[in-house]
Amino acid sequence: MRKWILTGVAVMLLLMLFVPSVLAAAGTEKEGPAGGAAKQVPVFIIPVDQEIERGLQSFLERGFEEAANYGAGLIVLEIDTPGGLVNTAEQIGTLVRESDIPTAAYIKGDAASAGSYIALNADTIIMKPGSMIGAASLVDRYGNSVDDAKIISYWKSKMVGAAELNGRDPDIAAGMMDKSLVLNKPQLGVTKEQGEIIAMTGEEALKAGYAEHLADTPEEAVAWLGYSTDDVYRIKQSGAEKLSHFLTNPVVMTVLLFVGIAGILIELLVPGFGVPGIVGIIAFVLYFFGNYVAGFAGAETWLLFILGLVLLILELFVPSFGILGLLGSVSLVAGVVRAAFSYTHAFFSLGIACAAATVVVVIVAVAFKERGIWNRFILQENLTKEQGFVPTAEKLNLVGAFGISLTPLRPAGTAEVAGERVDVVTEGGFIDTGVNITVVKVEGGRVVVKKVWE
C-alpha cells in the first residue's frame, strides 16, 4: 500500500512539472494583462471602418474627447480599413499613442497599409480569426507604387518606430512596406523574399508577436483585457459626419464645384431663370459644409466665398476696369482651395470644374442670347414711324419737283425747291451755286437731288 502511495505522489509531481511546459509549447498567446475581478469602468469602442482621411481623424478626435469627458478606462479601436492618407494616419497614430486612456486595437477585418500603422500605436493588438495586418507599401492616389527612396525610408522609420513602442520585432514592420527587404525568421513564422510585402493573418500575427490575443468580438477582447463589459459604449458617426464623408469624396467635390460655378455664372450672365442660381449656391454650400464638418475648412473659407461672390456681382454693375472682378475671382478661388484637404487636389478639381462649367455656360448663353445681361448695355429700341416717332416731317410732295441750288452742294447744301428753302444732298456728285436741280428721292428728312441737264 505504501508503495502505491509513493508511486502516486511521484506521478503527481511529474504532472505538475510537465503540464505547464506542454501548455506553454502549445501556443504563444499571452495571458490576459489583468488578473482578478474585472475593472468596472466605462469602455469606449470607436470604429475605424473606412478609408483613412481627414474626416476619420476628426471623428476619432471627437470619440477620444467624449471618452475622456466620460471618464473611460479603455478605448478600443475596431479596425477594418484598406488604408488611406499617410499624413492623416500619422496624426491618428499620435492621437492613439499619446492618449492618457489605455488603448487597444481590435482588428475585425483588415488593418492594411496605414491601418496597420494605427494599430501598432495602440497599447495592445487583438485580432479576430481570419483578419489581417500589414501590406503597408506606399501607393499614390492612382494605385501606382511609390518608388521614391526618401519617402519609403521615412514611412519605414514610422512603421518601425510604432512597432518598437510595445517591443514588437521592427524588421517585420519594415517588411510590411519595404519590398526590397529580405527576411527569414522561422522562429516567428515570417519569411519574406525580395519583391514581397508582409501581410499576416491573426494566427500568424499571434506567433510573430504582432497580436496579443485572438477574439471573435470586441466585447470578448475587452473581457480578456480585464475590463467589465457591463459599461461598453460604441461611438457612431453622426448624420453630418456621414454626409461629410460622402461630400469630401474627390469626385463628388469636383462635381459640386462644377455645378456651383456653372449655376452661378448662368444666373449672372443669363438672368431670369432663378433655378441655376439656387442650385449653384446649394452646391457650394454642400462643398463648404462637407469640408467644414470634416475639419478641413474654417469660418474664413465661408467669408472668402461670400466676399468673392459679392465682388463678382458688383463687377457687372459698377465700372471698375476689372478690378472688382479680379478681386472677386481671387477671393472665390482662395475660399475653395483653403476649404479642401489638399491644395493640389483643390486646384486640380477646380480646373476641371471651371473648364466643364465654361462649356456649359457658353452653350446656355448662345441658346438664350436674348436674355443675356449684355443686352442691358446695348440699345435695342428702334424709333419707327409705326410707333408714332417722326423726328422730321417727310416731304414726299417734293419728289419730282424742280428747283435751284442756293449754295454749292458738296454733296450737301441748300436749295430752293417749289418755292421752299430746303436742305438737300446730291447723289454723290458736286453741284455749283445757281444750277437747276430736281428732287429724285425723299427719305425721312433727307432730300436727294440731282442736276437737271438742259
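Everything that follows concerns the structure shown earlier in this document.
Residues numbered from 1 in each chain as written. Predicted model: local features only at pLDDT ≥ 70, side-chain atom pairs only at ≥ 80, totals over all residues. Heavy atoms only, no water.

## Let's talk about helix 10 (residues 250-269)
- With 20 residues, helix 10 extends 28 Å from end C-alpha to end C-alpha; this agrees with the ideal 28 Å at 1.5 Å per step.
- Regarding helix 10, the residues found buried are Val252, Met253, Thr254, Leu256, Leu257, Gly260, Ile261, Ala262, Gly263, Ile264, Ile266 and Leu268. (Helix = DSSP H or I, 4+ residues; strand = E, 2+ residues; numbered from the N terminus. Expected span 1.5 Å × (residues − 1). Buried < 20%, exposed > 50% of the residue type's maximum accessible area, 1.4 Å probe, protein only.)

## Details of the packing of aromatic side chains
- Summed over the entire model, instances satisfying the criterion amount to seven aromatic pairs.
- Between Phe288 and Phe305 the ring centres are 5.1 Å apart and the planes differ by 45 degrees, which places this aromatic pair in the tilted class. Note that Phe288 is positioned in helix 11 (residues 275-293) and Phe305 in helix 12 (residues 299-317), a separation of 17 residues in sequence. One exposure class covers both Phe288 and Phe305, and it is buried.
- What links up through ring pairs into an aromatic cluster is the set Phe284, Tyr287, Phe288 and Phe305. (Phe/Tyr/Trp six-rings, centres within 6.5 Å; stacked < 30°, edge-to-face > 60°.)

## Here we look at the sheet that holds strand 15 (residues 446-451)
- Sheet architecture is closed into a barrel: five strands sit in the order 11-12-13-15-14, paired in mixed fashion. For this sheet, the mean angle separating the axes of adjacent strands, direction not counted, is 55 degrees.
- Alignment of strand 11 (residues 402-405) against strand 14 (residues 436-443), held across three bridges, turns out to be antiparallel. Across the sheet, the residue bridging to Ile404 is Asn436, located in strand 14. (Pairing = 2+ DSSP bridges. Axes fitted to C-alpha atoms, helices over the stretch in contact; angles between N-to-C directions.)

## Overview of the pairing of strand 11
- In this structure, strand 11 lies alongside strand 12 (residues 412-417), joined through three bridges in antiparallel fashion. Following the sheet pairing, Ile404 is matched in strand 12 by Glu416.
- Counting the residues that bridge the hairpin from strand 11 to strand 12 gives six residues.

## Focus: the environment of His245
- Relative to the helices and strands, His245 is located in helix 9 (residues 239-247).
- Sequence-wise, His245 and Val293 are 48 residues apart; in three dimensions their C-alpha atoms are separated by 8.9 Å.

## Looking at the pattern of salt bridges
- For the structure shown, the criterion picks out ten salt bridges.
- Notably, a salt bridge pairs Arg168 with Glu212, separated by 2.9 Å at the nearest N-O pair. Pair noted here: Arg168 is in the loop between helix 5 (149-164) and helix 6 (170-175) and Glu212 is in the loop between helix 7 (202-208) and strand 9 (213-214), with a separation of 44 residues, a long-range link. Each member of the pair Arg168 and Glu212 is classed as buried.
- Several salt bridges share partner residues, and in doing so they unite Glu78, Glu219 and Arg234 into one network. (Salt bridge = Lys/Arg side-chain N within 4 Å of Asp/Glu carboxyl O.)

## Points about the packing of helix 9 against helix 11
- Relative orientation of the contacting elements helix 9 and helix 11 amounts to 115 degrees, with a least axis distance of 8 Å. Where helix 9 crosses over helix 11, the handedness of that crossing is left-handed. Residues Ala240, Glu241, Leu243, Ser244 and Leu247 of helix 9 touch helix 11, and the partners they reach there are Leu286, Phe289, Gly290 and Val293.
- Of the residues assigned to the contact of helix 9 with helix 11, the class counts are six nonpolar, two polar and one charged. (Left-handed = near helix turned anticlockwise from the far one by under 90°. Contact = heavy atoms within 4.5 Å. Nonpolar A, V, L, I, M, F, W, Y, C, P; charged D, E, K, R; others polar.)

## With respect to helix 3 (residues 86-97)
- Taking 1.5 Å of rise per residue, twelve residues should cover 16 Å, and helix 3 covers 16 Å from first to last C-alpha, within 8% of that figure.
- Along helix 3, the residues that are buried comprise Thr88, Ala89, Glu90, Ile92, Gly93 and Val96.
- Contacts made by the buried residues of helix 3 are with helix 2 (54-70), strand 2 (74-81), strand 3 (103-112), helix 4 (114-120) and helix 5.

## Regarding the side chain of Glu90
- Turning to its location among the elements, Glu90 is positioned in helix 3.
- Given the relative accessible area of 15%, Glu90 is considered buried.
- Engagement of the side chain of Glu90 in a polar contact is seen with the side chain of Tyr154, the distance being 2.6 Å.
- When residues no more than four places from it in sequence are discounted, the contact partners of Glu90 are Tyr117, Tyr154 and Lys158. (Polar contact = N/O pair within 3.5 Å; in protein donor to acceptor, adjacent residues only side chain to side chain.)

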